Amino acid sequence: MSKSDKLFVTDAECAARIGISTEDFKAMLPTLEKSGFPVKDPLFNEMHYWPAAKAYLDKRAGLASSFTRRRPPEPVVKDGKLW
C-alpha cells in the first residue's frame with residue numbers, strides 16, 4: 001500500500017496532502033472542526049479518516065454539487081424498454 005492509499009492519516013500527513021505545514025494545519029484544526037471537518041478517530045490512534053477530510057474540503061471548495069444529484073435522473077428508454 002502506498003502512502004497515498006492510507007485511509008487514516010496523522011496531522012502531518014493530512015497537512016502534507018492538503019499542501020500546508022503541519023504547524024499551520026494544527027492551528028487551523030479547531031476552526032475547521034467547528035465547521036464540520038472530521039475529528040480524529042480514537043479507535044484508529046487519533047488519526048483523521050482521509051476520505052472524509054477530502055470530502056469536507058471538496059464541499060468547502062464548491063465541488064459537492066458534482067457528487068449530489070439535485071433531481072432524480074431521467075429514465076432511459078432504449079429499444080422501447082425502460083433501463
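Described in the following lines is the structure provided in the data block. (Residues numbered from 1 in each chain as written. Predicted model: local features only at pLDDT ≥ 70, side-chain atom pairs only at ≥ 80, totals over all residues. Heavy atoms only, no water.)

## A closer look at the nonpolar core
Logical step 1: Of all hydrophobic cores here, the largest spans ten residues; its members are Val 9, Cys 14, Ala 15, Phe 25, Leu 29, Leu 32, Phe 37, Trp 50, Ala 53 and Tyr 56.
Logical step 2: Elements with a contribution of two residues or more to this core: α1 (11–18), α2 (22–34) and α3 (50–60).
Logical step 3: The contacts of Val 9, once residues within four sequence positions are left out, are Cys 14, Arg 17, Met 47, His 48 and Trp 50. (Core = buried A, V, L, I, M, F, W, Y, C linked by side-chain atoms within 4.5 Å. Buried < 20%, exposed > 50% of the residue type's maximum accessible area, 1.4 Å probe, protein only. Helix = DSSP H or I, 4+ residues; strand = E, 2+ residues; numbered from the N terminus. Contact = heavy atoms within 4.5 Å.)

## Topic: unusual backbone geometry
Logical step 1: One non-glycine residue, Asn 45, lies in the positive phi region at around 55°.
Logical step 2: A relative accessible area of 64% means that Asn 45 is categorised as exposed.
Logical step 3: At Glu 46, a residue that is not glycine, the phi angle is positive and equals roughly 55°.
Logical step 4: Its location among the elements puts Glu 46 in the loop between α2 and β2 (48–49).

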